[in-house]
Amino acid sequence: MSIATVSFEPKPSLPPPVATAGLLGWLRANLFSSWLNAAFTLATLYLLWRVLPPIFDWMIAEAVWVGDKTEECKNADETRKGGACWIYVRARVSGFMYGLYPYDLRWRVDLAGAVALALMVPVFIKAMPYRAIYGLAAILLVPALASLLFYGWYDFPPNVPEAQTHPWRVVETAKWGGLSLTLLIAWVGIGASLPIGVVLALGRRSKMPIVSALCVGFIELWRGVPLITVMFMSSVMLPLFLPEGVTFDKLLRALIGVTLFSAAYLAEVVRGGLQAIPRGQFEAASALGLSYPKSMALIVLPQALKIVIPGIVNSFIGLFKDTTLVAIIGMYDFLGAVALGNADPKWLGYAVEGYVFAALFYFVFCFSMSRYSLALERKLNTGHKR
Amino acid sequence: MKHLSLVAAGAALAMFSMAGTVEAQQTLAQVKQRGLIQCGVSQSLPGFANPDAQGNWAGFDVDMCKAIAAAVFGDVKRVKYVPTTARERFTVLQAGDADLLARNTTWTMSRDTQLGFDFVGINFYDGQGFMVRKDLNVKSAKQLAGAAVCTQTGTTTELNVADFFRTNKMAYKVVAFEKNDEVLAAYDSGRCDVFTTDRSGLAADRTKLKDPNAHIILPDVISKEPLGPLVRHGDNNWGDVIRWAFFAMVNAEELGITQANVDQMANSPNPEIKRLLGKEGDFGKMLGLDNNWAHNIIKMVGNYGESYERNVGPKTPIGLERGVNALWTAGGLQYAPPVR
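Since the structure is predicted, the reported quantities are computational estimates derived from the model, not experimental observations.

Colleague: Can you tell me about the overall build of chain A, naming the residues and giving the values?
Modeller: Of regular secondary structure, chain A possesses 16 helices and one strand. If one aligns the C-alpha atoms of chain A with their principal axes, the spans along those axes are about 120 × 80 × 40 Å. Split into buried and exposed, the 386 residues of chain A put 30% on the buried side. Here the contacts in chain A between residues at least 6 apart in sequence split such that 64% fall between residues at least 24 apart.

Put into structure tokens, the structure is as follows:
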């Protein structure tokens, strides 16, 4: 009996239809899947074609990149279509960075920036032991160090020559400005408002009536007024209430205002996270015999804060942009310093370039914050995320 | 209880008012003790007060601050510039965060009386004017009937335009924006026929246009905007220092004393020059200053005309002719009482 061997060789599978594979397939699936979508795609392409080339021309192709005098932009305007005058930004960029900080002392600001970077680098190294503790310390240490470097420590009377030459002479806060001021305010605001916000959120959920009432009152009061009002109150009204001769540094007032304002918002964000933690977690912590602080610090807050990372970063980005409001109390933050440059008699008429530069800068900063928060979310993901 | 609180309130009030009178005459002493003049300036106004990229302040109003520092200390660096917004400027001065405002502030009756300030002089006669396109062939603001006028919302500028057109029984249309740059952009893109603001701003704004030469500034001035430095009401000594620092600059121009020639002029036989430069009489002492107060001002800052030409004159981007700000001897309004 012979067994017929039947060989069974699978035929190679046919390639997918041309229209569903490769670039064409992708286009078809994503951009031209129906008549309506095709119409939208074409309309969008048309719009982009109308909008992008002029922007490209203005920002890059027709822009003036070399030179250092207004005339070079003015002449270029006559010969070309009139692109951006980026040499204006370059001429004033030092002012954008440091505001009114004395020119011969700007290295102190640079030094503060370098120190901040150096202290922050280990926070991002995974192998670093006690990274969280170190990170917290760095966040608190950096603004203190930076302020010290900004401020200096030899307070000379104005009539000695050192008051205008000494490398470590005091520079009062009114002269701080530009990007360095924006970063300092944002740093202090972010570093100080999160702990305050957490305490407020816990206080608001407290069963002790006075604590909870105080926290509710504080949060509602600060959420109920616009930040611009807070700034204005702190700079214009407060001095009238203080006794004659008692001064209270304007920057400090602004910092306190920004911090408390942002803390009130963060408190509500954190409270949202606390409410998302199932009751069982609290009870389990109690069952283990953990005290209130321990159960919060070890069980509840780590989970709650992780859930609300997007909300917290949202608040931080808001705070970062809100720092521009210090302009109304006569301080020159980054945007204020740009506005200052726009009024430079040598560079009148290039305000658009200044503002575009500022917008790009703010975008880069806020976007990197949001990317970092996404990375953090991915790292801490334990299944809550969809 | 009620009476008690009344008494307490009365006592508090009395203490405050006493503190007020003691305080009032002390600004010069305070300034000398502090070693710095706190000068309230504009946050940034091209030609009047503006820091460069290195953070050094310059401008016509800034020169006023420097002149006072030169008079009091003989050192123009002894100024702490206090940038103020239009809104907070008066509180800053009132609260003592500034010793004076040199901040393009219009001298009005209510500010001089009710707000409790003293304007010590007029260092710049400003007034609202109009800019139009040359091809409209308009020679006077009276020909603007039916025009669309670009202006800033919520300013006296807007009210002045309304008054002007109503007085002359002309119809007009307002195109108003919040910010001056928006107003200018609207004018440049042809959304209105006329751009109006103070004449000190018009010339500077004209340079920002796409084709500045296609526009002219009409000769009409429709409002009075006398700008000058001001101090707190009641401190006359300090007010005198500011007033005479300004008058010294005007007198110096009239007498032909400049930054360059002030040292030679000090030896001039002209008694007026001798008195101004402290070679004769004790005029500095009368102000509570050194007798070379005016010499220092002119040496370190220059005379009125020099400051004008350097900051806002026709050779600067601001490009303002002297006009009514010329000396009275040249047909303008700048006139300083004599030093004697």
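Colleague: Give a detailed account of the overall build of chain B, specifying residues and quantitative values.
Modeller: Broken down by element type, chain B carries 14 helices and 14 strands. Taking 340 residues into account, the globule formula puts the C-alpha radius of gyration at 20 Å, and chain B, at 22 Å, falls close to it. For chain B, the spread of C-alpha atoms along the three principal axes comes to 75 × 60 × 40 Å. Per-residue burial over chain B gives 46% buried out of 340 residues. Put simply, of all contacts in chain B between residues at least 6 apart along the chain, 70% involve residues at least 24 apart.

Colleague: Describe the domain arrangement of chain B, naming the residues involved and giving the relevant values.
Modeller: Residue and element names in this part refer to chain B. Structurally, chain B comprises domain 1 (26-125 + 227-330) and domain 2 (128-223). Contact with domain 1, which involves seven residues of that partner, is made by four residues of domain 2. The residue inventory of the side of domain 1 that touches domain 2, partitioned by class, reads five nonpolar, two polar and no charged.

Colleague: Give a detailed account of the environment of Asn270(B), specifying residues and quantitative values.
Modeller: All names here are of chain B. Examined against the element boundaries, Asn270 turns out to sit in the loop between helix H10 (262-265) and helix H11 (271-276). With 13 C-beta atoms counted inside 10 Å, the residue Asn270 sits in the partly exposed group. The spatial distance from the C-alpha of Asn270 to the C-alpha of Leu255 is 9.4 Å, given a sequence separation of 15 residues.

Colleague: Could you give an account of helix H8 (residues 178-204) of chain A, naming the residues involved and the relevant values?
Modeller: With 27 residues, H8(A) extends 37 Å between its outermost C-alpha atoms, agreeing within 8% with the 39 Å of an ideal straight helix rising 1.5 Å per residue. Remark: the principal bend of H8(A), roughly 30 degrees, maps to Ser193(A), with a proline, Pro195(A), within the next four residues.

Colleague: Kindly report on the interface of chain B and chain A, identifying the contributing residues and their values.
Modeller: The interface is formed by 32 residues belonging to chain B together with 30 residues belonging to chain A. Class assignment of the residues belonging to the side of chain B that touches chain A gives a composition of 11 nonpolar, 13 polar and eight charged.

Colleague: Which residues make up helix H9 (residues 236-254) of chain B, and what values do they have?
Modeller: Residues and elements named next belong to chain B. Spanning 19 residues, H9 covers 26 Å between terminal C-alpha atoms, matching the ideal 27 Å at 1.5 Å per step. Counting buried positions along H9 yields 16 of 19 residues, so the element is predominantly enclosed. Directly after H9, the chain includes Gly256, whose backbone phi takes a positive value near 75 degrees.

Colleague: Which residues make up the packing of helix H5 (residues 106-120) of chain A against helix H6 (residues 131-151) of chain A, and what values go with them?
Modeller: Residue and element names in this part refer to chain A. Across the interface, H5 lies against H6 with an axial gap of 9 Å and an inter-helix angle of 165 degrees. As far as their axial angle goes, H6 and H5 are roughly antiparallel. Considering only the axes of H5 and H6, their crossing is right-handed. Touching Arg108, Val109, Leu111, Ala112, Val115, Ala116, Leu119 and Met120 of H5 are Ala138, Leu141, Val142, Leu145, Ala146, Leu149 and Phe150, all from H6. Here the contact of H5 with H6 is composed, by residue class, of 14 nonpolar, no polar and one charged.

Colleague: How would you summarise the pairing of strand S11 (residues 194-198) of chain B if you had to cite specific residues and measurements?
Modeller: All names here are of chain B. Along S11, five of the five residues are buried, which leaves the element largely enclosed by surrounding structure. Where strand S8 (residues 128-133) and S11 come together, five bridges link them in antiparallel fashion. Residue Met131 lies in a different strand from S11, and its bridge partner there is Phe195. Pairing of strand S9 (residues 147-152) with S11 involves two bridges; the strand directions are parallel. Residue pairing in the sheet places Val149 in a bridge with Val194 of S11.

Colleague: Give me the lowdown on the confidence of the model for chain A, citing residues and values where you can.
Modeller: Looking at chain A, pLDDT values average 88 and 96% of them are 70 or higher. Per-residue pLDDT, averaged within each element of chain A, yields its smallest value for helix H3 (residues 70-79) of chain A (74) and its largest for helix H9 (residues 209-223) of chain A (95).

Cut-off values and rules
Residues numbered from 1 in each chain as written. Chains lettered and ligands numbered in written order. Predicted model: local features only at pLDDT ≥ 70, side-chain atom pairs only at ≥ 80, totals over all residues. Helix = DSSP H or I, 4+ residues; strand = E, 2+ residues; numbered from the N terminus. Buried ≥ 20, exposed ≤ 12 C-beta atoms within 10 Å, placed from the backbone. Contact = placed C-beta atoms within 7 Å. Rg over C-alpha atoms; globule rule 2.2 N^0.38 Å. Domains from an automatic or database assignment. Nonpolar A, V, L, I, M, F, W, Y, C, P; charged D, E, K, R; others polar. Expected span 1.5 Å × (residues − 1). Bend = angle between axes of the 7 residues up to and from the residue. Axes fitted to C-alpha atoms, helices over the stretch in contact; angles between N-to-C directions. Parallel < 35°, antiparallel > 145°, perpendicular 65-115°, else oblique. Left-handed = near helix turned anticlockwise from the far one by under 90°. Pairing = 2+ DSSP bridges. pLDDT = per-residue confidence, 0-100.

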